[in-house]
Amino acid sequence: MTVRVGVIGVGMIGQDHIRRITQVLSGGVVVAITDIDQAHAERVACGLPGVTVHRAGRDLVSDSRVDAILVTSWGPTHEEHVLAAIDAGKPVFCEKPLATTSAACRRIVDAEIAGGQRLVQVGFMRRYDAGYTALKAALDEDRIGAPLLMHCAHRTASPPPYGFTTDTMISDAAVHEIDIARWLLGEEVVATAILTPRRSRSAAAGLHDPLMVLLEMASGVLVDVEVFVNAAYGYDIRAEIVGESGTVALGEADGLRIALGGRRGGRIPADWRERFGRAFDAELQDWLKAAAAGTSAGPSCWDGYAATAVAETCVQALRTGSRTAVSMPPCPGFYAKAPL
């Protein structure tokens with residue numbers, strides 16, 4: 001079955017996913033698009049023969065030609081579009097965040113549970129990255145003993161051009177480490193704290209860069225995340241887990257490290273598209289396969305809710321300067337079959 005996909009939001013990542021579906025992956029075809037900028041949507045449609053341009057997300061969701069929905073619009077619109085897809089009984093892939101508040105995420109969780117079937121996949125693409133899946137396998141196989149600590153770095157050459165704030169460093173950047181820590185360690189975050197190191201002179205006014213995000217897991221494992229969005233030299237993602245009998249860490253992004261002429265070096269990716277391109281391919285292919293069966297795979301609504309709830313708690317910890325407990329109910333049994 002070829003899944004007929006409707007795309008809500010055709011900005012940078014929306015167009016990148018359209019390219020994947022039409023040129024890279026199998027089992028999908030884009031048949032409809034919409035964007036808040038109607039003229040922009042019309043321009044994008046010029047390169048997509050037979051595609052319908054809808055004026056609003058609700059019109060696209062109700063289009064009988066659309067089997068599944070891809071939501072890549074502005075974060076505050078996610079709740080509306082995902083809820084509409086659930087109501088229509090159509091599988092939906094939603095780029096992170098699932099919604100911009102934990103309350104909105106919980107409404108989506110409740111709607112999906114009420115519908116009785118999994119329809120939503122959240123775009124935490126790192127779970128599909130070869131490096132992170134190797135880390136997961138090492139932990140699952142107990143190769144380093146019980147985990148004790150996890151060290152992470154999330155560095156970008158420069159922040160996005162839109163209004164990036166200190167809060168956004170948590171909700172838009174560190175949220176990936178929040179999700180991957182939950183997934184790798186198989187447990188929830190129970191408390192957070194934020195440390196504010198010396199501020200980089202490259203940071204824009206009002207932006208405290210870098211930050212140190214501290215996560216306390218349910219078992220007592222401590223996770224530290226350095227978030228540095230003005231690192232200048234490139235896009236550098238790091239992760240190391242320290243266990244009772246060994247350590248395991250991400251390797252080079254491109255698997256290449258050169259020693260020559262008394263020097264050792266490797267290539268640093270320019271941005272997230274280069275570093276996680278294959279992971280994006282894998283997650284969208286997984287979604288298309290599940291959507292063809294009328295369901296969803298990968299990170300669930302609950303994962304989206306948990307990540308947003310922890311990110312909100314981190315922002316509270318940033319405000320207060322103190323350790324802050326995460327307030328979150330137990331995972332509903334509806335999601336019990338899908339491991340963290």
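Both faces of strand β4 (residues 68-71) are covered, namely the face carrying Ala68 and Leu70 and the face carrying Ile69 and Val71. With four bridges joining them, strand β1 (residues 3-8) and β4 adopt parallel strand pairing. By the bridge assignment, Val5 is partnered in β4 with Ala68. Regarding the hand of the β-α-β motif, the stretch spanning β4, helix α4 (residues 78-88) and strand β5 (residues 92-95) is right-handed.

Applying the stated criterion to the full structure yields 22 salt bridges. Two residues, Arg106 and Asp110, come together in a salt bridge whose shortest N-O distance is 3.2 Å. Of this pair, Arg106 and Asp110 both sit in helix α5 (residues 102-115), separated by four residues, roughly a single helical turn. Assessed through its relative accessible area of 26%, Arg106 is described here as partly exposed. Notably, a salt bridge pairs Glu141 with Arg143, separated by 3.7 Å at the nearest N-O pair. The exposure classification of Glu141 matches that of Arg143, with both residues exposed. Linked by salt bridges that have partners in common, Arg127, Asp179, Arg182, Glu188 and Asp303 make up one network.

On to the pairing of β5, then. Neither face of β5 is open: one carries Val92 and Cys94, the other Phe93 and Glu95, and all of them are buried. As paired elements, β5 and strand β6 (residues 120-123) share four bridges and run parallel to each other. Bridged to Phe93 within β6 is Gln121. Taken together, β5, α5 and β6 constitute a β-α-β crossover, and its handedness is right-handed.

Criteria and thresholds
Residues numbered from 1 in each chain as written. Predicted model: local features only at pLDDT ≥ 70, side-chain atom pairs only at ≥ 80, totals over all residues. Heavy atoms only, no water. Buried < 20%, exposed > 50% of the residue type's maximum accessible area, 1.4 Å probe, protein only. Helix = DSSP H or I, 4+ residues; strand = E, 2+ residues; numbered from the N terminus. Pairing = 2+ DSSP bridges. Right-handed = clockwise from strand over helix to strand, strands pointing away. Salt bridge = Lys/Arg side-chain N within 4 Å of Asp/Glu carboxyl O.

Bear in mind that shape data such as this cannot, by itself, settle questions of function.
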